[in-house]
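# Coordinates in review
Below are the chains, spelled out letter by letter.
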Amino acid sequence: MKNTTVTFKNKKTDGEKITMLTAYDYTTAKLEDEAGVDSILVGDSLGMVIMGYDSTLSVTMEDMIYHSKIVARGAKNALVVTDMPFMSYQTSVYDAVVNAGRLIKEGHADAVKLEGGVKFEEHIRKIVDASIPVVGHIGMTPQSVNAFGGFKVQGKNIDDAKRIIDDAKAVERAGAFAVVLECVPTPLATYITEILSIPTIGIGAGNGCDGQVLVYQDMLGMYSDFTPKFVKKYGELGESMKNCFKEYCSEVKNGTFPKEENSFKMSEEVMKQITEEE
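Just so you know, these numbers come straight off a predicted model, no measurement behind them. (Residues numbered from 1 in each chain as written. Predicted model: local features only at pLDDT ≥ 70, side-chain atom pairs only at ≥ 80, totals over all residues. Heavy atoms only, no water.)

## Focus: a negative patch on the surface
Where like charges cluster on the molecular surface, the negative patch consists of Glu-268, Glu-269, Glu-276 and Glu-277. Note that Glu-276 resides in helix α12 (residues 268–277). (Patch = residues over 30% accessible without salt bridge, like charges linked within 9 Å, V, L, I, M, F, W, Y side chains within 5 Å. Areas by Shrake-Rupley, 256 points an atom, 1.4 Å probe, with all protein chains shown as cover. Salt bridge = Lys/Arg side-chain N within 4 Å of Asp/Glu carboxyl O. Lys, Arg positive; Asp, Glu negative; His and termini not counted. Charge placed at Lys NZ, Arg CZ, Asp CG, Glu CD. Helix = DSSP H or I, 4+ residues; strand = E, 2+ residues; numbered from the N terminus.)

Right, dumping it as structure tokens:
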């Protein structure tokens, strides 16, 4: 059965944790879906783990639409949430609604996610008014990395903590059905989870949130440029993949691949006729 925004609401009410992972292609989305992941995030993190940029800022709407629609084909049950990229909503409320609509209509997303709290309350409200489900994202918001001076934990002092609480309330007030808390101290994230009626999804925000999300390349050890402290590696697929690639290269070079079982046969008579005609 397809998960919906109601699924998220019911899980918070029932005290059942929500699982979310990123995906950027059909094959990965299908595997995650079959594993029972509740929601798949088509994150603008693809700018770093797929496209090789050093931040998410260069990702375009076209990038997000492309990856969203191929993930959606593999997600039969998981709720597909797609990120609104940098400058697709910051410019105006109008742009926010139009671009959110494109992610739903062209990208086949089930919901959109955008960063920011109080400053983007009206943007979220108008997107929701257009019947588009929204997930908020507060705390360490990667699209503001230059303003923050790097990827840093947010909310450790009283003023920052109050700002994040205000942002959380604004996101809920605007009508978002869930909010991602990134790089927020555990006690603060737990408190926000308790005061909100909508689910919180943590990433580097401790175990007190209603759910968790990770970038799948991080948790599988596939992305080696940088590993955040909050990541748990559930495997070292990056090393396994490199070993497979090396073995393939070696077998091709020494002539042991392909073998007979990897090849196709044809009639000797046909081949004989071809060579005679030549």
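## Thoughts on a nonpolar patch on the surface
Residues Met-266, Val-270, Met-271 and Ile-274 make up a contiguous nonpolar surface patch of roughly 340 Å² in combined accessible area. Residue position: Met-266 is located in the loop between α11 (237–254) and α12.

## Section: the sheet that holds strand β5 (residues 134–139)
With parallel pairing, the 8 strands of this closed barrel are ordered in space as β1-β2-β3-β4-β5-β6-β7-β8. Shown here is a sheet whose adjacent strand axes are inclined to one another by a mean of 25°, direction ignored. Of the pairings in the sheet, the one linking strand β1 (residues 18–22) to strand β8 (residues 211–214) comprises 4 bridges and is parallel in character. By the bridge assignment for β8, Ile-18 is matched with Gly-211. (Pairing = 2+ DSSP bridges. Axes fitted to C-alpha atoms, helices over the stretch in contact; angles between N-to-C directions.)

## Points about the nonpolar core
Judged by nonpolar contacts, the single largest core of 55 residues is most densely connected at Met-84, Val-112, Leu-114, Ile-127, Leu-181 and Ile-192. Considering each element in turn, this core owes the most residues, 6 residues, to helix α8 (residues 158–174). Formed by 14 residues, the second largest nonpolar core is a distinct cluster that contains Met-20, Phe-177, Ala-178 and Val-180. (Core = buried A, V, L, I, M, F, W, Y, C linked by side-chain atoms within 4.5 Å. Buried < 20%, exposed > 50% of the residue type's maximum accessible area, 1.4 Å probe, protein only.)

## Details of the pairing of β8
For strand β7 (residues 200–203) and β8, the ladder comprises 2 bridges, and the chain directions are parallel. Looking across to β8, one finds that Gly-202 is bridged to Gln-212.

## Focus on the packing of aromatic side chains
All told, the structure shown has 4 aromatic pairs when counted by the stated rule. When the centroid spacing of 5.4 Å and the interplanar angle of 75° are considered together, the rings of Phe-8 and Phe-177 count as edge-to-face. Taken as a pair, Phe-8 in helix α1 (residues 5–14) and Phe-177 in the loop between α8 and β6 (178–182) lie far apart in primary sequence, 169 residues in all. The exposure class of Phe-177 is buried, given its relative accessible area of 11%. Ring plane angle 75° and centroid distance 5.4 Å describe the contact between Tyr-89 and Phe-120, whose orientation is recorded as edge-to-face. Of the two residues, Tyr-89 is situated in the loop between β3 (79–83) and α5 (93–105) and Phe-120 in the loop between β4 (111–115) and α6 (121–129); the sequence distance between them amounts to 31 residues. (Phe/Tyr/Trp six-rings, centres within 6.5 Å; stacked < 30°, edge-to-face > 60°.)

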